[in-house]
Structures are given as C-alpha cells and as structure tokens.
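Listed below are the residues making up each chain.
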Amino acid sequence: MSAEQTQASGVVGVLESVGRKSLGLFEEIGRFFFILHATVYWTFRRPFDGKEWLRQMVRVGVDSLPVVGLTSMFTGMVLALQTYRGFERFHAEGFVASVVSLSLTRELAPVLASLMIAGRVGSSLAAELGTMRVTEQIDALYAMATEPIQYLVVPRVGATTVMLPPLVAIANGLGIFGGYAISVALMGANPVTYWEKTFQYLDLNDVSSGLIKAAVFGLILSVTGCSKGFFTTGGAEGVGRATTSAVVMGSVVILVSDFFLTKILF
Amino acid sequence: MATGERGESGRAAAPPKIAVIDLHKSFAGREVLRGVNLEVEAGESLVIVGGSGAGKSVLIKHLIGLITPERGHVIIDGEDLTNCEPARCLAIRRKFGMSFQEGALFDSMTVFENIAFPLRRHTRMDEAAIAARVQECLALVHLDGTGGKATSELSGGMRRRVGFARAISLQPEILLFDEPDTGLDPITSAVIDAVIVEMRKQLDVTMVTITHNMQSAFRIADRIAMLRNGQITAIARPDVFRSLADPYIQKFLAGEPLEEEVA
Amino acid sequence: MSHTARVGAFMLAALVVLGVFIIKIEEIPIGTRGNRVRVQAVFPSVAGLDEKSAVRVAGVRVGIVERISLQGDRAVTTLALDPDVVLHQGARAEVSSLGMLGDKYVELYPGLPSAPPLPAGTTLNGTSPVGFDQALKSFNSAFENIDAVTGSLRGSLAGPEGQKRLDEILDNIRQLTASVRDLVQANRANVDATMANMRDFSQSLKTELPRLADKLAVFADHLDALVAANRGNLDASIANVRQVTAEMRTTVDNINKITGKIASGQGSVGKLVNDSTTVDNLNSTLTSARGAADTLKNTIGRAERWQLDMNMRAEALPGLTKNRALGVLYNSRSAFGLDLHTTPNRFYRLELVDSPVGRVNNYTQTITSIYPDGTSHSVVQETQRISDTNTVNAQVGFQYEDYTFRAGLFESRGGVGIDRALLNRRLQLTLEAYDFSRQVKPPHIRFETRYFLTRNLFAFAGLDDPVWAQARSVLFGGGVTWRDEDVKYLLGTMSSIGAGK
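Computed from a predicted model, the values in this text were never measured in an experiment. (Residues numbered from 1 in each chain as written. Chains lettered and ligands numbered in written order. Predicted model: local features only at pLDDT ≥ 70, side-chain atom pairs only at ≥ 80, totals over all residues.)

Caption draft 1: Molecular detail of the overall build of chain C. Tallying secondary structure elements over chain C gives seven helices and 19 strands in all. Within the span of chain C, comprising 501 residues, buried residues form 19% of the whole. The long-range fraction of contacts in chain C, counting pairs at least 24 apart against all pairs at least 6 apart in sequence, stands at 57%. (Helix = DSSP H or I, 4+ residues; strand = E, 2+ residues; numbered from the N terminus. Buried ≥ 20, exposed ≤ 12 C-beta atoms within 10 Å, placed from the backbone. Contact = placed C-beta atoms within 7 Å.)

This is the structure we're talking about:
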C-alpha cells in the first residue's frame, strides 16, 4: 500500500519536475522576448543617452578587439595550415586562400567572434545587471522615474548589435592575414596568387551575410545576457548563476540560430 | 480596523495623496498582501510597522509601482499607478523620491554623480546648477564635502544619507523610506531619524516610511500603521497607537515574543 | 583618448577592411591607368568560366571576364582588359584551364603585331577546349560523313574506271572485317585459355590438397600471388589501351578528312561514271552489311543485358569412406561453373563438378573353354569399371520471388532442385534430388544450407545422400561467387593480362 503510494508520488514527482523544467524554459524564452520587445520599444523614445552608448560601444567593441582579433587570426592560421596539408595531396594548394577567406567570412569569423563576445560581454552584462538587481539599483532607477530598460539595456544591447559587424569585419581581415602569413611564410605559397585567390571566389554576399549574422548574434547574446541579469534573484549566488547561464545560453542560441540564419541567408 | 481612526485625524475632507485600495499580491503561491487599504494625506508622515516578512517592503514597492498587484489599485493624486501607459507611469513616478534599504547607490558612480543622476535625467539644468543642487542636498543630510567619494568608501549610515540626498534631489512630493535604519547601530539610527525629521521640516513632502524599529517610528511618524498577515490591522497617531489594546501590538511595542510564533 | 575617438578609430579600421574587401571583390580597378577596355568575345561554350574569371595573354593576367550572357546558342562574354593590351586583326580567344583541377580562364591571342589594330567594337571569335563530349561529337560527324558518302556513291556510282577502285575499297573492307574477326577470335582464345586455366586450377586443387581448409588457404594464396604478379602487366595493359585510344583518334581524324573530301566530290571516287552492275553490287553489299550490323547490334544488345555469375565451391564429406565397390573414390566434392542470367528470372547453370562418387559399371564376360575331350567349361567373369568422377551440372533455373527451381543435369544425372532464399538473400536453403536411375532406389538427395558471409564468400553445410546408408554423409564447405560486375572486372583484367603478355 505504502509502496504503491511512494511509487505513485515518484511518478508524480517526475511529471512535476518535467513540468517545472518546461515551465522554466517557457519562462526563459518569455523573458528573452520581453527584454527584446522592451528594448525595441525604449530604443526609439527620448531621452537618447549618447554618452552611455559610446561608453558601451567602447566596452563591447574596442575593448574586445584584442581577444576577437587574436581568435580570428589564429583561426585563419590554423585553417591555412590544415587545408594546405590536405590540398597538397591533390595539388590544389591554390585553393587554400579561397577556403580560408570563404570559411572565415561566411562562418568562422562571425560565429567565433560572437562566441568570444558572449563569453566576454554577455557574462559581464549579466553580472552587472544582476548585481544592480540584487542591490535594488534597478528598483532605484524605477523610483527615479528612469526606465531601467531604457537606461541600462538599450545602450548595452544597441552597442553590442552595432559593434559586432565592424568587429567581425576586422576579424575577417585579421583572419585572412593570418592565413596569408602562414601560407606565404611557412608553406611557401605564392603571395600574389594567394592574394588573388583570396578574393576570386568571394562574393560581397558572403561578406555581408557574415556581417548580418554578426549583428543578429550580437542582438541575441546581449539580450540573453541582459535578460539573465535583469531577472536575477537570490543574491550573490544568483548573480553567479545568471552569469554562467548567460554565457551558456548565449553560446547555444548563437550556434542554433547560426544554422537557421545560414539556411535563410544562403 | 482603520475606519475608526479616520474621524480622529479630522482630515478626511481633503483628497488623499496616496490611496491604496484592496491590494492583493502573492509570490510563488504565498499571499503576502491580502487586501491592504490605506490612505495617506498630503504632507503627512506615515510609518508602517510590522514584523519581518509581513510584507512591508512589498507594500512600499507597490506604492511607487515597482511591483504590479494582482488585484487592487494604487491611486496617486487621483491617478491610478497600477493601470497607466509606461510613459505616464514614469511621469507619476517623478513625484516620488525613494530611499532603499541599503541605499541602492549606483556603484559605478561617485556620490556626486549619484545625486546628480536624476537631475541630469529629468531636468535641463546646467552643470553649475546641478552642482549647486547636489551641494544643497548633501548639506541637508549633513554630508558636505563627500561628493567626490566613491560609493564603496561610504559607511552604512552615510550610504543611507546619500540615498536620501538622491531621493530629494528632484524635490519630490512623496518620499518613501524602505527600512532606513536596518543594520545600523542605535546612535547612527538616531542620526538618520533626525535627518528624516529635519528633511520633513525643510521640505513640504508626504512621507511613507516602513520600519520594524518602534523607537524610530515614534520619532518620525504622524501616524503609525501596523501591517500584519498582509493587512493593515491598526492605524493611529503615535500616542494612540502606543495605548492600543491589541495584544500583538503590545508585544511588538515591548519587544516580547508572541506565544504562537515561538511555538 | 576619449570614448568617441576610440569608437571612431575602431569604426575606421572596420571600414578600411570592408573597403579592401569591396574593392577586391568587385574588382574595382585602382592603380591601373585609365579605364579598362571592353571587348566582346563569342564562344560556343563557356562551361566552367565565371564572371570575374581571369583573362590572360601568354599566361599574364590582363583583365577579367566582366559579363557572360547567352545570345542564341552561343555565349557572349564581355572582357574587361587593361588599357595597355592592344589587339590586332586576327586576334582570338580561347577558354583554357590551369591544370586538371585548375580554374577556367580566357586566353587571348592578340594577333600578329604586324597586322593592323582591331577596330573598336569588333567581336572576337572564341574557341572552347575539346572535351570528352566534343570528341564523341566528332565521332558522330565522322559517321554522318560516311552516310553522306554512301548516299552520294549510291547516286553517282557507275563507270568502268570507278569499278576498279570500288573493288579495291570493297577488298579493303573485306580485309578490315577479317582483321576484326581475327581480333575477336584472338580474344576468344584468351577467354578460352582463361577458362581452361581455371579448370586446371580447380582440378589441381582437388588432387593436390586432400583437406578442404588447405584448399581454401592455398587458393587464397594463389589469388594473392596472381594479383601481385600481374600488377605490372595491368599497368602495361592500361598503357596499351591508352596508346590504342590515341591511335584510334588519329584514325578517326583521318576518316574525317577522307570522308569529308569524298562527300564534297573531290578526288576520283566522286567522279565515277555510270555502271549499273557496280551500283547493284554495291547496293546489295550495303544491304547485307546493314543486315549484319543490325543482327550484331541485337545480339550485343541482348548480350549486354545478360549477367554472368561465376561460382566456385569445395566441400568435405567426412562421412564417406573410400570404397571402390561402391564407386566412392574421394571424400570431397568441388565445383566450378557459370550462371548465365538471360533474363532476371531465368538462368542457365553450367558447372564442372568433381564428384566423390564415380559411376560403377559392371561388365560381365563369359569365357568358355573347350577342352580337347570335347567338354566345355564356361567361366563368367565380372569386371568392374568406375567411370570418371568428372561430371557436369547443366541446369536451367527459374526464379520466382525467393524460390528458385532448377532442372537438368546434376552431376551428369537428371534431377531437380529447389532453392529458397531467406534473410534478404543471405541465407539459402537447397534441396536437390537426382540420379533417379541408380541401382540404390531412392534417388540421390542433397540438402544444403548456404550462408553468404560477404557478397562473394559463402559457407554451407548439409546432408549428402541421406537415404543411402553407405554413402550418407554430412557435408560442409565454402566457396566464392563472383557476380556479374565482379566477373566483368575479372575477365577484363585477365584478358588484358593476356594481351599484355
């Protein structure tokens, strides 16, 4: 009798936890779109805080340049190294440049840069807003008749979305330079041919779709970070949780949306 | 409950500054507010007291619209704060100044910038005027000369006072204090109360304070309300409040344990 | 540095990178003097050529293909050339490629410097490289020319002078046919030799190796050795094939030339005078030639649908003891043969089977001795002969879904059999009954379960002759089957090895 009961409650427990998990997921998605919607709503309302925008643009774009640049450059170098070894086997070394430039502009630079930014900026957004939430600074903003979405989230999301495409453009350049350096200096490829091949199969569409991707990723990762931070509960521990899940969620959503974006854009 | 006291105050004729009507709110299934009714007259200093977890903070956050209720209304000067356009909500909120438990200062800014923040946000004052106003506010809370400090350098009591200064910088009509003396020693606590009383004298404001410190409540209140189990169980002038027969209030005043809660 | 300045510098860097991309991708000419000159060139085909592909003169890059469009059935390209490229009359363009995997580009031949410069707006004539499809096309046109020739011959052939030449031509044709026949026969000899080798091979396997496992092992070794030993031959034969193809191409070219001339009425053939008999002869010859060709085509067409499988198996019959009286000579059986599938449902099986049991023939000889005393004495002498154990399976099989019915000769005796395929044709159950006329009454029954380990290798086990106590035995063994595609490959390899030698 009692065994049956515990069994039944076990089943109920499983169902409950499944239900709670999926409710949590819905809540997460709901928060994401709430922040997204509120951000769009408040972006086009006065006052426009240009100073804060600039500050965030420096923080997201300029300060991220070293890490994104290094990532991209080394990716380009590895790509050249690997494809050179492979293409050498059927005497198609000339195509290394095309492979490097195509894969960087279309895919690697936007995705890797976004992932790095998700780690660097997404987490700090979540931590910053989360701390402000648990120390009631966000409430204080409300109390001072300042919409925290407008004051905090809009410039952060805006700056990330605006800064990712130029960041990726520079990353493209550095990645291609990395591939060029390795192929020419280490593999002895012909510099002129390499340079020419880099652009021969490249289409403006390849570059622009990479930049569009980057903007979308920037929007996604900053909204994720902000929503995680904005809805933080549970003190310092909650801030830590929000930070971690901002990076994890941001990265996963970037990779998933990358697939669908690629489907749509190409 | 509170109806008996209305007549006593003798100010029923004037429209209330703040009216709270049948406010309900629950968190994760736990009912925190179960039908709060409250009216605050213009220029009055109301102190809401109650035990920990009675819902005091939740109530005061409803007053300024930080939390939306499940049921009920908060009316400020005849405008419903629980049902308004976002932009209108912000306009209503500009009537408020609020001091938070731990100050809630923006830690990315200095003391000066904290106090100047609402001014920069909501006025077109030039920098000189802003600086003057900040000095004024800092003087009011006896913190002259601390403007350049980082918020992390401040003691607990100083943080509260900087919070006050920030709350009054826009010359609000209503000041809300969320537990202004939590975690402070009695002397600092008395200093804070003195600052509140002084501010009230100098500014023509309506004040709502929540606290669990009865001493401080008697020091600053025109009326004291008791919030218990999510409802206002008593509201009276301090001298009347002190002599109310409610056993819970007596225990609360004496700082004695309540049998049912001990068990 | 203020925030604004830092963002500004950052944006500038991004714009510079983007600018380089745009300039390089869109091929905006920077640094070249003046504007690019546009020239149109028309090609029969620009397959593999893209917009922005390079234009080269003597291998030097001088511009790009700016636009490709279709005009009628030809491709019109606009070439943007550096202004210092000067084209002369007689200039032409060609679609060329860098190496086998390399890009296609347009090679420009600017014409002789002595020739006057090309007037502006001239469209260049372009040629496309000869690809495989083009080569086929030229074959076709050769045959079309032949058709035209025969047509004109039929119309105009007559006259005593032409007769002689005609005879020569016919003689040539006869010689050609003869050599073709020789070629075929030579090949047949190769095939025959191969088959014979295989037969010898299987026979020697049987006699030299009493044990089944050894047989298979050595077989595998032989196979290895065969492949290893012939790798050189293989290469050589491929080289031969290449050479032959090359020769063939020149032949086709020659035929093209000749027939082209004939068709246009050049040379003496075109001027043949009237002679009705010649025409008649020629007509009948052509008719019969066409008939022969048709027959050949039908045969080839049908044969191409045929499928040839080759089978080889060996089995051990441990239950048999050698017994001359019963004709049991060996305790193993091996077989080698072919399945010819003429339709998907019908096949003919021809197998050489080395049977363990020979046929016992008893001869009775009566010797009558007549003694001097007039008495006679007759002695009846019985001699026993055991026929050869080399027997034949010659069967016709019908496949009906997973069932196969076979009838015909089983080890040189009449019999029937049924196969049942299971497990997606990996497993096959077989029941055979044959030799109905033997002395021991119930006929020879054979039951076998065959499992295909791979597509080619199979193992099997079963019962042989369970109804005759003295010859009853379990059987187990293994074998190889080469399906049609394997056989084609195998025969191709072997005949080319033969040819290589």
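That covers the picture; the talk isn't over yet.
Caption draft 2: Summary view of the overall build of chain B. The helix and strand tally for chain B stands at eleven helices and ten strands. When the 263 residues of chain B are sorted by exposure, 43% land in the buried category. Taking all contacts inside chain B whose residues are at least 6 apart in sequence as the whole, residues at least 24 apart take part in 67%.

Caption draft 3: Here's a closer look at the sheet that holds strand β9 (residues 223-228) of chain B. Residues and elements named next belong to chain B. Reading across from one edge, β6-β7-β8-β3-β9-β10 is the order of the six strands in this open sheet, with mixed pairing throughout. If you trace the sheet from one side to the other, it starts and ends with β6 (96-99) and β10 (231-236), each paired once. Strand-to-strand twist across the sheet, computed as the mean angle between neighbouring axes with direction ignored, equals 20°. Note: strand β3 (residues 45-49) against β9, four bridges, orientation parallel. When the sheet's bridge partners are listed, Leu-46 is paired in β9 with Arg-223. Contacting β6 and β7 (174-178), helix α6 (residues 156-168) runs over the sheet at an angle of about 175° to β6. (Pairing = 2+ DSSP bridges. Axes fitted to C-alpha atoms, helices over the stretch in contact; angles between N-to-C directions.)

Caption draft 4: Examining the packing of helix α4 (residues 96-134) of chain A against helix α8 (residues 204-230) of chain A more closely. Residue and element names in this part refer to chain A. Look at α4 against α8: their axes get within 7 Å of each other, and the N-to-C directions meet at 15°. Compared by their axis directions, α4 and α8 come out roughly parallel. Read as a crossing pair, α4 and α8 show a hand that is right-handed. In terms of residue class, the contact of α4 with α8 is made up of 17 nonpolar, twelve polar and six charged. (Parallel < 35°, antiparallel > 145°, perpendicular 65-115°, else oblique. Left-handed = near helix turned anticlockwise from the far one by under 90°. Nonpolar A, V, L, I, M, F, W, Y, C, P; charged D, E, K, R; others polar.)

Caption draft 5: Region of the structure containing the sheet that holds strand β1 (residues 37-43) of chain C. All names here are of chain C. The mixed closed barrel is built from seven strands, whose spatial order is β1-β4-β3-β2-β6-β5-β7. Going from strand to strand, the sheet's axes swing by 35° on average, the running direction of each strand aside. As paired strands, β1 and strand β7 (residues 123-127) are joined by three bridges and run parallel to one another. Each bridged residue has a counterpart across the sheet, and for Ala-41 the counterpart in β7 is Leu-124.

Caption draft 6: Quick look at unusual backbone geometry. Phi at B:Gln171 takes a positive value of approximately 50°, unusual for a residue other than glycine. Take B:Gln171: it is sitting in the loop between α6 and β7. Phi at C:Asp465 takes a positive value of approximately 50°, unusual for a residue other than glycine. Among the structural elements, C:Asp465 can be located in the loop between β18 (457-464) and β19 (473-482). Taking the C-beta count within 10 Å as the criterion, C:Asp465 has 24 such neighbours and is therefore assigned buried.

Caption draft 7: Focus on the interface of chain C and chain A. Every contact between the two is made by 17 residues of chain C and, on the other side, 20 residues of chain A. Considered class by class, the residues forming the side of chain C that touches chain A number eleven nonpolar, two polar and four charged.

Caption draft 8: Structural context of the environment of B:Arg120. Its location among the elements puts B:Arg120 in helix α4 (residues 111-122). Separated by 50 residues in the primary sequence, B:Arg120 and B:Leu170 have C-alpha atoms spaced 10.0 Å apart.

Caption draft 9: View of the nonpolar core. Within the largest apolar cluster, 156 residues are counted, with the highest numbers of intra-cluster contacts made by A:Ala113, A:Val168, B:Ile48, B:Ala165, B:Leu176 and B:Ala225. Beyond its immediate stretch of four places on either side in the chain, B:Leu176 contacts B:Ile60, B:Leu63, B:Ile64, B:Phe96, B:Met98 and B:Val208. Counting residues in hydrophobic clusters, the runner-up holds 21 residues, among them C:Val46, C:Leu49, C:Val95 and C:Leu124. (Core = buried A, V, L, I, M, F, W, Y, C linked by C-beta atoms within 7 Å.)

Caption draft 10: Quick look at the pairing of strand β16 (residues 427-434) of chain C. Residue and element names in this part refer to chain C. Judged from the eight bridges that link them, strand β15 (residues 413-422) and β16 form a sheet pairing that is antiparallel. Directly across from Ala-421, in β16, lies its bridge partner Gln-428. Connecting β15 to the antiparallel partner β16 that follows it, the hairpin turn spans four residues, and Leu-423 within it adopts a positive phi of roughly 50°. Pairing of β16 with strand β17 (residues 444-452), which is carried by eight bridges, proceeds in the antiparallel orientation. Residue pairing across strands places Leu-427 opposite Tyr-451, the latter belonging to β17.

Caption draft 11: View of the packing of helix α2 (residues 50-62) of chain A against helix α6 (residues 148-186) of chain A. Residues and elements named next belong to chain A. Packing of α2 against α6 brings their axes to within 8 Å, and their N-to-C directions diverge by 45°. Taken together, the axes of α2 and α6 lie oblique to each other. For the crossing formed where α2 meets α6, the hand is right-handed. Side by side, α2 and α6 meet where Glu-52, Trp-53, Gln-56, Met-57, Val-60 and Gly-61 of the first sit next to Pro-155, Arg-156, Gly-158, Ala-159, Thr-160, Val-162, Met-163, Pro-166 and Leu-167 of the second. Here the residues of the contact of α2 with α6 are counted per class, giving nine nonpolar, four polar and two charged.

Caption draft 12: Structural view of the interface of chain A and chain B. Contact with chain A, which involves eleven residues of that partner, is made by 17 residues of chain B. Looking at side-chain class alone, the side of chain A that touches chain B contains five nonpolar, three polar and three charged residues.

Caption draft 13: Local environment of the pairing of strand β13 (residues 390-400) of chain C. Residues and elements named next belong to chain C. Of the pairings in the sheet, the one linking strand β10 (residues 346-354) to β13 comprises nine bridges and is antiparallel in character. Each bridged residue has a counterpart across the sheet, and for Glu-351 the counterpart in β13 is Asn-393. Both β13 and strand β14 (residues 403-410) contribute to a ladder of seven bridges, which runs antiparallel. Its bridge partner being in β14, Phe-398 is matched across the sheet by Phe-405. A loop of two residues connects β13 with β14, the two strands running antiparallel in sequence, and Glu-401 in this loop sits at a positive phi of about 50°.

Caption draft 14: Layout of the confidence of the model for chain B. Residues of chain B with pLDDT of at least 70 account for 92%, and the chain-wide mean is 83. Confidence over residues 1-12 of chain B falls short of pLDDT 50; this stretch has ten contacts with residues more than four positions distant or in other chains. (pLDDT = per-residue confidence, 0-100.)

Caption draft 15: Representation of helix α3 (residues 65-88) of chain A. Residues and elements named next belong to chain A. Its 24 residues give α3 an end-to-end C-alpha distance of 33 Å, which sits within 8% of 34 Å, the value for a rise of 1.5 Å per residue. Buried within α3 are the following residues: Val-68, Gly-69, Ser-72, Met-73, Thr-75, Gly-76, Met-77, Leu-79, Ala-80, Thr-83 and Tyr-84. As for α3, its buried residues are in contact with α4 and α6. (Expected span 1.5 Å × (residues − 1).)

Caption draft 16: Spatial organisation of the environment of B:Asp222. Residues and elements named next belong to chain B. Along the chain, Asp-222 falls in the loop between α8 (214-220) and β9. The spacing of Asp-222 and Ser-45 is 177 residues in sequence and 5.0 Å in space, taken between C-alpha atoms. Asp-222 has contacts with Glu-44, Ser-45 and Leu-46, leaving out every residue within four places of it along the chain.

Caption draft 17: Quick look at the confidence of the model for chain C. Residue and element names in this part refer to chain C. Chain-level pLDDT for chain C is 72 on average; 59% of the residues reach the 70-or-more range. Confidence, expressed as mean pLDDT per element, reaches its minimum in chain C at helix α7 (residues 484-500) with 55 and its maximum at β16 with 90. Of the regions scoring below 50 in pLDDT, residues 265-276 engages in 26 contacts with residues more than four places distant in sequence or in other chains. Confidence drops under pLDDT 50 across residues 494-501; counting only partners more than four residues distant or on other chains, this segment forms 18 contacts.

Caption draft 18: Here's a closer look at helix α7 (residues 191-200) of chain A. Taken together, the buried positions of α7(A) are occupied by A:Tyr194, A:Lys197, A:Thr198, A:Phe199 and A:Gln200. Buried residues in α7(A) make contact with α4 and α6 of chain A together with α1 (3-25) of chain C.

Caption draft 19: Examining the environment of C:Gly59 more closely. Inspection of the secondary structure assignment puts C:Gly59 in the loop between β2 (54-57) and β3 (60-71). The sequence separation of C:Gly59 and C:Leu108 amounts to 49 residues, and the corresponding C-alpha distance is 8.9 Å.

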